[in-house]
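Residue strings, one per chain:
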Amino acid sequence: MDQSAEGREGTPFEMTIEAGKVREFARATKSTNPEYRQDDSVIPPTFLAAAAFWQTETSSPSRGIPINLERMLHGGQEFIFHGEPPRVGDHLTGHMRIGKIWEKQGRRGGMMQFHEIITEFKNAEGTLVAESRTTAIETSQAPEKAGA
Amino acid sequence: MKADDITQGHVLPIFTDKPLSVTDFVRYQGASGDMNPIHHDTLFAQAAGFPAPFAVGMLQAGVLGTYLTDFFGAAHIRRLKVQWSEQAWPGDVLEYSGVVTEIRREASETLADVTCSVTRQNGGVHLTGWATFVLERAA
């Protein structure tokens with residue numbers, strides 16, 4: 001991915017927060033907290049990772065850019081909530097874009113290329129309620145210890 | 001968690017998880033929609049140069065979220081950031097810890113910044129996390 005891809009956008013996608021999905025996600029992240037089993041539960045902190053289920057073929061800003069999956073690592077992830085997290089029943093619109101792209105020399109000689117994928121989530125009123133920021137790393141050699 | 005009960009330097013109780021299993025990875029992958037076979041398909045992982053499937057980093061980020069929201073309350077989270085270092089593997093026993101690094105006021109709210117880590121049984125750091133929670137007003 002070269003730097004000309006910075007700022008590329010996907011098309012917006014729609015996402016409805018569902019009670020069963022919140023329960024499933026809470027259980028998969030080893031939570032027994034009853035706060036995630038209500039009819040109006042807030043979402044768990046990393047729940048928006050599951051937005052993948054609502055994305056379509058055109059949602060990704062990196063569509064059409066060749067990526068070597070065996071060399072890709074998830075280096076970092078951030079979720080930001082502007083107020084209380086979204087709740088069951090909320091209808092969100094997500095919009096993804098490519099943020100910064102940069103390179104760094106790896107500790108064992110190979111080049112590592114970093115890129116950010118930013119997703120903004122707005123509620124039905126159009127207010128920005130949450131953001132997801134993913135830092136992906138593409139390594140030039142087997143990513144044995146570089147990350148998870 | 002109430003503002004009166006938390007001060008800078010407050011150490012959260014340590015949580016030691018059960019040994020990681022591929023079943024944990026599969027359950028998380030099904031829930032999140034990230035079906036990357038490197039976390040559950042031994043042949044695929046070996047072909048990519050790994051000895052075995054390794055843990056989904058986002059699972060431990062999620063368990064960190066569980067650890068923190070159990071303490072501060074689910075609706076009180078405002079930010080969670082994680083950065084991964086050493087990979088985690090099936091059988092690993094991970095320890096979750098956190099310390100309150102700052103209490104600050106923003107608008108009418110009291111916020112707590114927390115720095116967290118998830119470490120492996122050999123002491124290696126799997127991930128480092130930074131979170132911000134709103135504290136409830138003292139009664």
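Please read all numbers here as calculations on a predicted model, not as lab measurements.

## What about the interface of chain A and chain B?
Then step 1. Listed as interface residues are 32 residues of chain A and, on the opposing side, 33 residues of chain B.
Then step 2. Contributing elements (two or more residues each) for the side of chain A that touches chain B: helix H1 (19-28) and strand S2 (72-81) of chain A.
Then step 3. Sort the elements by how many residues they give to the side of chain A that touches chain B and S2 of chain A lands first, with eight residues.
Then step 4. Each residue belonging to the side of chain A that touches chain B can be placed in one class, and the counts come to 16 nonpolar, nine polar and seven charged.
Then step 5. Pairing of S2 of chain A with strand S2 (residues 77-84) of chain B, which is carried by five bridges, proceeds in the antiparallel orientation. Bridging across to S2 of chain B, Gln77 of chain A finds its partner in Val82 of chain B.

## Remarks on the UniProt feature "domain: MaoC-like" (unreviewed entry) in chain B
Then step 1. Per the UniProt record, "domain: MaoC-like" (unreviewed entry) is annotated on residues 17-118 of chain B.
Then step 2. Between the end C-alpha atoms of residues 17-118 of chain B there is a gap of 10 Å, over a span that is 32% helix and 29% strand.

## Quick look at the sheet that holds strand S4 (residues 109-119) of chain B
Then step 1. Pairing is antiparallel in the open sheet, where 10 strands are placed in the order S1(A)-S3(A)-S4(A)-S5(A)-S2(A)-S2(B)-S5(B)-S4(B)-S3(B)-S1(B). Either end of the sheet is taken by a strand with one partner, and the two such strands are strand S1 (13-16) of chain A together with strand S1 (15-16) of chain B.
Then step 2. Here S1 of chain A pairs with strand S3 (residues 91-105) of chain A via four bridges, running antiparallel. What sits directly across from Phe13 of chain A, in S3 of chain A, is Gly94 of chain A.
Then step 3. Across the sheet, helix H3 (residues 57-72) of chain B is in contact with S2 of chain A together with S1, S2, strand S3 (95-106), S4 and strand S5 (125-135) of chain B; its angle to S5 of chain B comes to roughly 35 degrees.

## Side note on the nonpolar core
Then step 1. Residues Leu48 of chain A together with Leu64 and Phe133 of chain B are the most contacted members of the largest nonpolar core, which totals 51 residues.
Then step 2. Within the residue set of this core, elements represented by two or more residues are H1 and S2 of chain A together with helix H1 (22-32), H3, S2, S3, S4 and S5 of chain B.

## Some remarks on the packing of H1 of chain A against H1 of chain B
Then step 1. The interhelical angle for the contact between H1 of chain A and H1 of chain B, taken along N-to-C directions, is 155 degrees, at an axis separation of 9 Å. With respect to each other, H1 of chain A and H1 of chain B are oriented roughly antiparallel. By crossing handedness, the relation of H1 of chain A to H1 of chain B is classed as left-handed. Between H1 of chain A and H1 of chain B, the residues in contact are Glu24, Phe25 and Ala28 of chain A and Arg27, Tyr28 and Ala31 of chain B, respectively.
Then step 2. Class assignment for the residues of the contact of H1 of chain A with H1 of chain B results in four nonpolar, no polar and two charged.

## Quick word on the environment of Thr23 of chain B
Then step 1. Positionally, Thr23 of chain B belongs in helix H1.
Then step 2. In sequence terms Thr23 of chain B and Thr115 of chain B are 92 residues apart; their C-alpha atoms lie 29 Å from each other.

## Re unusual backbone geometry
Then step 1. Of note, Lys30 of chain A is a non-glycine position whose phi angle comes to about 65 degrees, a positive value.
Then step 2. Tracing the backbone shows Lys30 of chain A in the loop between H1 and S2.
Then step 3. Phi is positive for Ala107 of chain B, which is not a glycine, with a value near 50 degrees.
Then step 4. Within the secondary structure layout, Ala107 of chain B lies in the loop between S3 and S4.
Then step 5. Residue Ala107 of chain B is classed as exposed on the basis of its 5 C-beta neighbours within 10 Å.

## What to know about the environment of Arg97 of chain A
All names here are of chain A.
Then step 1. Of note, Arg97 is situated in strand S3.
Then step 2. For the pair Arg97 and Tyr36, spaced 61 residues apart in the sequence, the C-alpha separation amounts to 30 Å.
Then step 3. When sequence neighbours within four positions are dropped, the list of residues in contact with Arg97 reads Gly7, Arg8, Glu9, Pro61 and Ile118.

Parameters and conventions
- Residues numbered from 1 in each chain as written.
- Chains lettered and ligands numbered in written order.
- Predicted model: local features only at pLDDT ≥ 70, side-chain atom pairs only at ≥ 80, totals over all residues.
- Contact = placed C-beta atoms within 7 Å.
- Helix = DSSP H or I, 4+ residues; strand = E, 2+ residues; numbered from the N terminus.
- Nonpolar A, V, L, I, M, F, W, Y, C, P; charged D, E, K, R; others polar.
- Pairing = 2+ DSSP bridges.
- UniProt positions renumbered as here; feature names shortened; annotations may be inferred.
- Axes fitted to C-alpha atoms, helices over the stretch in contact; angles between N-to-C directions.
- Core = buried A, V, L, I, M, F, W, Y, C linked by C-beta atoms within 7 Å.
- Buried ≥ 20, exposed ≤ 12 C-beta atoms within 10 Å, placed from the backbone.
- Parallel < 35°, antiparallel > 145°, perpendicular 65-115°, else oblique.
- Left-handed = near helix turned anticlockwise from the far one by under 90°.

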